[in-house]
Amino acid sequence: MLSFRMQRGQACGPIVLLLLVGGYVVCDTESSDYSDAEVLPDSYPSAPAEPLPEFLLEPEDAFIVKNRPVQLRCRASPATQIYFKCNGEWVNQNDHVTRESLDQVTGLVVREVDISVSRTQVEELFGLEDYWCQCVAWSSAGTTKSNRAYVRIAYLRKNFEQEPLGREIRLEQEVLLQCRPPEGMPAAEVDWLKNEDTIDPSQDSNFLITIDNDLIIKQARLSDTANYTCLARNVVAKRRSSTATVIVYVDGGWTEWAKWSACSTECTHWRSRECQAPAPRNGGKHCSGSMMESKNCTDGLCARNKKVSIEHASHPPAPDVGVAVYAGLVGALLLCGILVLCVGILAYRRRCSHLHGDITDSSSALTAAFHPGNYKPPRQDNPHPLHPSAPPDLTATAGAFRSPLFSLQQGVNDSHKIPMTTSPLLDPLPSLKIKVYNSSTLSSLEIPADMCSADGEILSLKSVGSTVGRERQFHSHTLSREPGLSTSATLGHLGGRLTIPNTGVSLLVPPGTIPQGKFYEMYLIISKWEKTTLPSEGSQTVLSPAVSCGPSALLLNRPVVLTLPHCAQLDTPTPDWTLTLKTQTHQGAWEEVLTVGEESLSSPCYLQLEEECCHVLMEQLGTYGLVGQSCPPQPACKRLQLALFAPRAPCLSLDYSLRIYCIHDTPHAFKEVLDLERSLGGVLLEDPKPLLFKDSYHNLRLSIHDIPHTHWRSKLLAKYQEIPFYHIWSGSQRPLHCTFSLERSSLVVSQLSCKICVRQVEGEGQIFQLHTDIQETLPPHSPHPSAGSCLPSSQVGPYAFRLPESIRQKICASLDAPSAQGCDWRLLARSLGFDRYLNYFATKPSPTGVLLDLWEACHQGDADLVSLATALEEMGKSEVLVVMTTDGDC
């Protein structure tokens with residue numbers, strides 16, 4: 001209520017009351033004469049309504065340089081209050097710095113607010129979204145929000161993604177120098193330096209800097225010979241690339257020939273020319289051809305030349321000299337031939353002694369029982385294997401033979417006698433069990449009757465068992481046969497396939513690999529991480545399991561194909577991996593076998609890469625593994641899987657834990673974690689999530705959010721957990737995981753919902769949305785099986801191959817011979833995508849056969865003849881297609 005007080009005797013004219021924003025009352029006393037006063041209206045208009053706040057200054061994106069905080073500012077009018085909201089949460093009132101002023105034009109109140117954002121606040125943000133803030137301003141009419149301002153941590157990597165390369169170029173040729181600056185935030189700006197001076201295309205039109213930061217010299221001049229450097233900079237730092245030296249050279253050119261000289265006493269005259277049009281510069285080529293030219297100047301009538309010719313004709317070489325020379329050459333050749341023959345005989349004998357020491361044929365195996373009691377078997381050498389391998393435990397399948405197969409002597413070995421019968425020696429038996437005594441083990445081998453007559457092959461129990469026994473002595477401390485991580489089978493000339501189910505690991509033994517009449521007990525083992533040293537060193541990372549196949553001392557007639565799963569991300573447009581295949585020596589050390597892309601004729605293997613696995617063609621069995629490292633300038637990425645596990649319901653305790661594993665994205669790694677959690681009583685809550693882990697030296701951060709605090713609390717004091725970068729990148733650690741320990745308020749609480757965020761710092765991430773009833777008993781969650789999970793552990797003979805042998809032989813006969821038009825095995829290799837290094841196949845007796853072996857390995861789970869038939873059809877091999885249609889299954 002408004003009241004007025006007037007002094008006695010004071011006259012007040014017509015009173016006009018105006019209610020202003022500040023609540024002021026105005027009394028108008030211009031006239032004290034009542035007679036002049038106008039009649040006042042019954043009512044007066046009200047003041048206009050206050051408008052919504054309008055931002056005069058909005059917060060802008062900012063970058064935190066090193067550890068210096070950034071200031072965000074906003075200004076609005078009219079505004080009674082302004083506050084900042086960052087990532088959906090209000091900033092504390094005490095963190096605001098507020099200033100207030102009055103707009104001289106409108107008379108409205110203007111408010112300005114500042115806040116400070118630190119590096120710690122940005123780093124502690126959980127989730128995949130960048131740190132952001134916005135202003136909210138109030139007036140009596142309502143609220144207004146500003147645009148979001150993003151705050152990011154500024155950085156600039158040290159290594160350029162692509163550096164300029166020096167070149168030697170011809171005069172007036174166009175030059176392209178490429179530069180891709182290091183990754184940075186904000187993105188780096190690029191300048192080019194020529195001998196430390198900045199290049200300005202506006203000052204020299206012969207230079208052009210493209211939108212991709214490349215430098216183009218339109219027409220090279222001699223003055224453009226210089227050192228060029230790419231300079232990258234942002235708010236954090238400057239980075240210099242390596243210097244590229246550009247040399248502009250000039251090839252030399254001739255002048256015209258000078259005039260012929262006068263005819264000399266030798267009856268010749270000559271002329272010359274010089275390489276001066278232009279002269280060679282900066283290493284340019286000298287003029288080709290001679291500087292001087294001469295010819296006869298008497299048209300052949302010079303008497304001196306005729307005399308010289310007659311003198312030469314009258315003195316032929318002495319015959320004795322020629323005979324002596326030829327006799328010496330023939331003698332030297334004969335001596336060399338004799339030396340080569342001697343060396344060859346010695347090498348052949350040495351090789352034969354090794355063969356006899358390790359492999360016995362079927363006849364020796366069958367007649368060994370009939371040697372007299374004083375017979376002594378030949379001494380077996382023990383050559384050191386080139387590639388060690390940990391053999392499976394053969395105590396239940398085959399023996400290490402150091403004595404005749406069957407002992408007819410009386411004494412301690414009576415329990416191992418084989419009773420002789422009158423039946424034919426080669427009659428098939430339902431089951432023949434041979435027990436062989438060994439100094440260290442007692443073993444037996446059961447031979448099915450149908451194994452004794454395949455293509456006339458007779459089972460040869462060979463002395464390779466002794467080699468296996470020796471390998472066991474060397475490597476039993478590093479590798480052992482684990483259930484689910486190994487398989488073995490007896491294979492012969494018809495070949496077969498060994499597969500470890502649900503791991504992606506297999507070994508293809510093509511037909512003809514094993515000599516006719518021989519059978520080998522072959523095995524395939526995945527090394528457990530705690531029982532072997534892994535092949536990575538330095539900046540290398542393990543990309544596949546270490547796998548042993550053997551026995552390693554076997555001599556193979558053709559390559560086998562070992563399939564290994566890997567976790568390298570290969571779908572980038574530019575190569576960012578340097579991949580190396582390694583093998584383990586018998587001392588346990590790892591050695592390089594080949595580096596992909598650097599093969600040569602001396603490379604013992606061929607490696608075919610696919611997105612999720614690789615296939616290795618090799619002729620030496622052993623222990624192998626795939627490693628890799630980033631190929632500058634692009635950092636490489638590994639494919640990882642994130643698997644979430646929890647205790648099996650019902651939960652009878654107040655405590656509850658969630659375990660998240662970070663593993664390689666390979667079937668073997670996931671199978672290992674499933675087996676581990678099964679032993680701990682854990683269950684998989686949902687399908688694993690993929691994560692690309694970059695070679696950026698940043699850790700993996702895990703955090704839990706949105707826990708219903710009324711019923712649950714987290715026992716973790718820190719806001720997040722981290723797995724160090726090197727533990728993940730090296731690949732040499734056991735299955736890595738983090739545990740989030742929770743506690744519920746009472747046993748009645750059964751519902752749990754929360755979010756778990758997993759991301760690489762400054763990289764990619766994943767979020768698990770968890771909604772579960774911890775008391776509800778559900779069947780164990782299992783992911784979808786892979787294509788190879790249903791394959792049997794071993795397949796023997798023709799059943800192991802998709803391509804029938806008759807079709808295989810016809811394809812080889814049609815394509816092995818080189819074709820002038822190129823329509824041979826080389827075109828098949830290109831059609832199938834196996835043409836990265838054709839020289840490997842060219843050195844084989846049947847290149848087509850090796851290509852078909854590789855095709856079988858690449859399509860073991862889905863071997864469809866249509867893909868092969870399509871490749872042959874594109875090659876125009878209609879005659880082979882007819883055979884496949886009639887004899888095969890298309």
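These notes cover the structure that comes with them. (Residues numbered from 1 in each chain as written. Predicted model: local features only at pLDDT ≥ 70, side-chain atom pairs only at ≥ 80, totals over all residues. Heavy atoms only, no water.)

**Quick word on the overall build of the protein**
Going by this rule: Put simply, DSSP H or I for four residues or longer makes a helix, DSSP E for two residues or longer makes a strand, and each gets a number counted from the N terminus. Burial classification: accessible surface area is computed with a 1.4 Å probe over protein chains only, and a residue below 20% of its type maximum counts as buried, one above 50% as exposed, and the rest as partly exposed. Throughout, a contact is declared for two residues whenever any of their heavy atoms are within 4.5 Å. Only the protein chains shown count as cover for residues, and all accessible areas are computed by the Shrake-Rupley method using a 1.4 Å probe.
The number of helices and strands found in the protein is 13 helices and 48 strands. When each of the 890 residues of the protein is scored for burial, the buried share is 41%. Long-range contacts, defined as pairs at least 24 residues apart, comprise 69% of the intrachain contacts of the protein with a sequence gap of at least 6. Counting every atom, the protein has about 48700 Å² of accessible surface; 54% of that belongs to carbon and sulfur.

**What to know about the side chain of threonine 513**
Mapped onto the elements of the fold, threonine 513 is located in the loop between strand E28 (505–509) and strand E29 (520–526). Setting aside residues up to four positions removed in sequence, threonine 513 forms contacts with Leu556, Asn557, Arg558, Pro559 and Val560.

**Looking at the nonpolar core**
Put simply, the rule reads: Grouping buried Ala, Val, Leu, Ile, Met, Phe, Trp, Tyr and Cys residues that are joined through side-chain atoms within 4.5 Å yields what is termed a nonpolar core.
Core analysis: the largest hydrophobic core is formed by 69 residues, its most contacted members being Leu507, Met522, Leu524, Leu562, Leu658 and Ile756. In this structure, Val561, Leu815, Leu852 and Cys858 belong to the second largest nonpolar core, which totals 32 residues.

**Let's talk about the pattern of salt bridges**
Basically, it comes down to this: Any Lys or Arg side-chain nitrogen found within 4 Å of a carboxyl oxygen on Asp or Glu counts as a salt bridge.
In the structure shown here, the tally under the stated rule is 33 salt bridges. For arginine 271, the salt bridge goes to glutamate 293, with nearest N and O atoms at 2.8 Å. Of the two residues, arginine 271 is situated in strand E22 (residues 268–272) and glutamate 293 in strand E23 (residues 292–296); the sequence distance between them amounts to 22 residues. For glutamate 293, a relative accessible area of 31% puts it in the partly exposed group. Arginine 678 serves as the salt-bridge partner of aspartate 675, at 2.8 Å between the closest nitrogen and oxygen.

**Here's the deal with a nonpolar patch on the surface**
Selection rule: Residues enter patches when they are more than 30% accessible in relative terms and free of salt bridges; like-charged ones are connected within 9 Å and nonpolar ones (Val, Leu, Ile, Met, Phe, Trp, Tyr) within 5 Å.
On the surface, Trp270, Met291 and Met292 cluster together to form a nonpolar patch covering roughly 330 Å² of accessible area. Structurally, tryptophan 270 is set in strand E22. Residue classification places tryptophan 270 among the partly exposed positions, given a relative accessible area of 41%.

**Things to note about the packing of aromatic side chains**
What counts, and what does not: Aromatic contacts are taken between Phe, Tyr and Trp rings whose centres are within 6.5 Å, Trp giving its six-membered ring; a plane angle under 30 degrees counts as stacked, one over 60 as edge-to-face, and the others as tilted.
Under the definition given, this model contains 11 aromatic pairs. Consider the rings of tyrosine 840 and phenylalanine 841, whose centres lie 5.6 Å apart with planes at 90°: the pair is edge-to-face. What makes tyrosine 840 buried here is its relative accessible area of 4%. By way of ring pairs, the aromatic residues Trp577, Phe693, Tyr697, Phe725 and Trp729 are connected into one cluster.

**As for helix H11 (residues 847–858)**
To be explicit about the condition: Expected helix span is taken as 1.5 Å per residue step, with the number of steps being one fewer than the number of residues.
With 12 residues, H11 should cover 16 Å at 1.5 Å per step; its first-to-last C-alpha distance of 17 Å lies within 8% of that length. Within H11, 12 of the 12 residues are buried, leaving the element largely enclosed by the surrounding structure.

**Regarding the packing of helix H9 (residues 825–832) against helix H12 (residues 865–875)**
Definition in use: A fitted line through C-alpha atoms serves as each axis, taken over the contacting stretch for helices, and the angle formed by two N-to-C directions is quoted from 0 to 180°. With respect to orientation, any angle under 35 degrees is reported as roughly parallel, any angle over 145 as roughly antiparallel, any angle of 65 to 115 as roughly perpendicular, and every other angle as oblique. Each crossing gets its hand from how the near helix is turned against the far one by less than a right angle, where anticlockwise is left-handed and clockwise is right-handed. Gly is placed with the polar residues, together with every amino acid not listed as nonpolar (Ala, Val, Leu, Ile, Met, Phe, Trp, Tyr, Cys and Pro) or charged (Asp, Glu, Lys and Arg).
Direction vectors running N to C along H9 and H12 enclose 130°, while the axes themselves pass 10 Å from each other. In terms of orientation, H9 and H12 fall into the oblique class. Seen from above, H9 lies across H12 with right-handed handedness. Taking contact as the criterion, the partners of Leu827, Leu828, Ser831 and Leu832 in H9 are, on H12, Leu868, Ala871, Leu872, Glu874 and Met875. Along the lines of polarity and charge, the residues of the contact of H9 with H12 split into 7 nonpolar, 1 polar and 1 charged.

**Digging into unusual backbone geometry**
The peptide bond linking methionine 185 to proline 186 adopts the cis configuration, its omega dihedral lying at 0°. Within the secondary structure layout, proline 186 lies in the loop between strand E14 (184–185) and strand E15 (189–194). Here the amide bond leading from alanine 649 into proline 650 is cis, since omega sits at 0°, within 30 degrees of zero. At glutamate 762, a residue that is not glycine, the phi angle is positive and equals roughly 60°. Owing to a relative accessible area of 36%, glutamate 762 belongs among the partly exposed residues under this scheme.

**Notes on helix H6 (residues 667–680)**
In this model H6 runs 20 Å from its N-terminal to its C-terminal C-alpha over 14 residues, within 8% of the 20 Å that 1.5 Å per residue would give. Buried residues of H6: His668, Ala669, Phe670, Lys671, Val673 and Glu677, and no others. Considering only its buried residues, H6 is in contact with E29, strand E38 (637–647), strand E39 (655–664) and strand E40 (682–684). Downstream of H6 by a residue or two, glycine 681 has a phi angle that is positive, lying close to 80°.

**Digging into the pairing of E29**
Our working rule: Paired strands are those between which DSSP finds at least two bridges.
Across the 7 residues of E29, 7 count as buried, placing the element largely inside the fold. Burial along E29 is two-sided: Tyr520, Met522, Leu524 and Ile526 and Glu521, Tyr523 and Ile525, pointing in opposite directions, are all buried. Two elements, strand E26 (residues 486–491) and E29, share 6 bridges in a ladder whose sense is antiparallel. By the bridge assignment for E29, leucine 491 is matched with tyrosine 520.

**Focus on the sheet that holds strand E6 (residues 97–102)**
Taking strand neighbours across the sheet as the criterion, the 4 strands line up as E1-E3-E7-E6 in an open arrangement whose pairing is antiparallel. A single partner strand is all that each edge strand has here, and the edge strands are strand E1 (54–57) and E6. Mean inter-strand twist for the sheet, computed between neighbouring axes without regard to direction, equals 25°. For E1 and strand E3 (residues 70–77), the ladder comprises 3 bridges, and the chain directions are antiparallel. The residue of E3 that forms the bridge with leucine 57 is arginine 75.

**Some details on the environment of tyrosine 155**
Rules: Counting of polar contacts relies on pairs of N or O atoms within 3.5 Å, with two restrictions inside protein: one atom must be capable of donating a hydrogen and the other of accepting it, and residues adjacent in sequence are counted only when both atoms are side-chain atoms.
Secondary-structure assignment places tyrosine 155 in strand E11 (residues 155–156). Residue classification places tyrosine 155 among the buried residues on the basis of a relative accessible area of 15%. Each C-alpha atom, one on tyrosine 155 and one on valine 236, is 5.9 Å from the other, the two residues being 81 residues apart in sequence. Beyond its immediate chain neighbours, meaning those up to four positions away, tyrosine 155 contacts Glu183, Gly184, Met185, Asn234, Val236 and Glu762. Of note is the side chain of tyrosine 155, whose polar atom sits 3.1 Å from the side chain of glutamate 183.

**A short note on the state of the cysteines**
What we call a disulfide is simply a covalent bond connecting the sulfur atoms of a pair of cysteines. Here is the rule we go by: Only a pair of cysteine sulfur atoms within 2.5 Å qualifies as a disulfide here.
Going through the model one piece at a time under the given rule, you end up with 5 disulfides. There is a disulfide in this structure between cysteine 263 and cysteine 297, and the S-S distance comes to 1.8 Å. Across the disulfide from cysteine 263 to cysteine 297, rotation about the S-S bond amounts to roughly 50°, and the bridge is consequently right-handed. Of this pair, cysteine 263 sits in the loop between strand E21 (244–249) and E22 while cysteine 297 sits in the loop between E23 and helix H2 (303–313), placing them 34 residues apart in sequence.

**Description of the side chain of serine 241**
The topology assignment puts serine 241 in the loop between strand E20 (238–240) and E21. Residue class for serine 241 comes out buried when judged on its relative accessible area of 6%.

**Section: the pairing of E15**
Both E15 and strand E19 (residues 226–233) contribute to a ladder of 6 bridges, which runs antiparallel. Among the inter-strand pairings, lysine 194 is bridged to a residue of E19, identified as tyrosine 228. Bridge count between E15 and strand E16 (residues 197–198): 2 bridges; the pairing is antiparallel. In the strand pairing of E16, lysine 194 is matched with aspartate 197.

**Here we look at the sheet that holds strand E17 (residues 207–209)**
The strand order across the open sheet built from 3 strands is E13-E18-E17, with neighbouring strands paired in antiparallel fashion. The open sheet has two free edges, formed respectively by strand E13 (175–177) and E17, since each of these has just one partner strand. Recorded for the sheet is a direction-independent mean angle of 20° between the axes of neighbouring strands. Inspection of the sheet shows E17 paired to strand E18 (residues 215–217) by 3 bridges, in the antiparallel sense. By the bridge assignment, leucine 208 is partnered in E18 with isoleucine 216.

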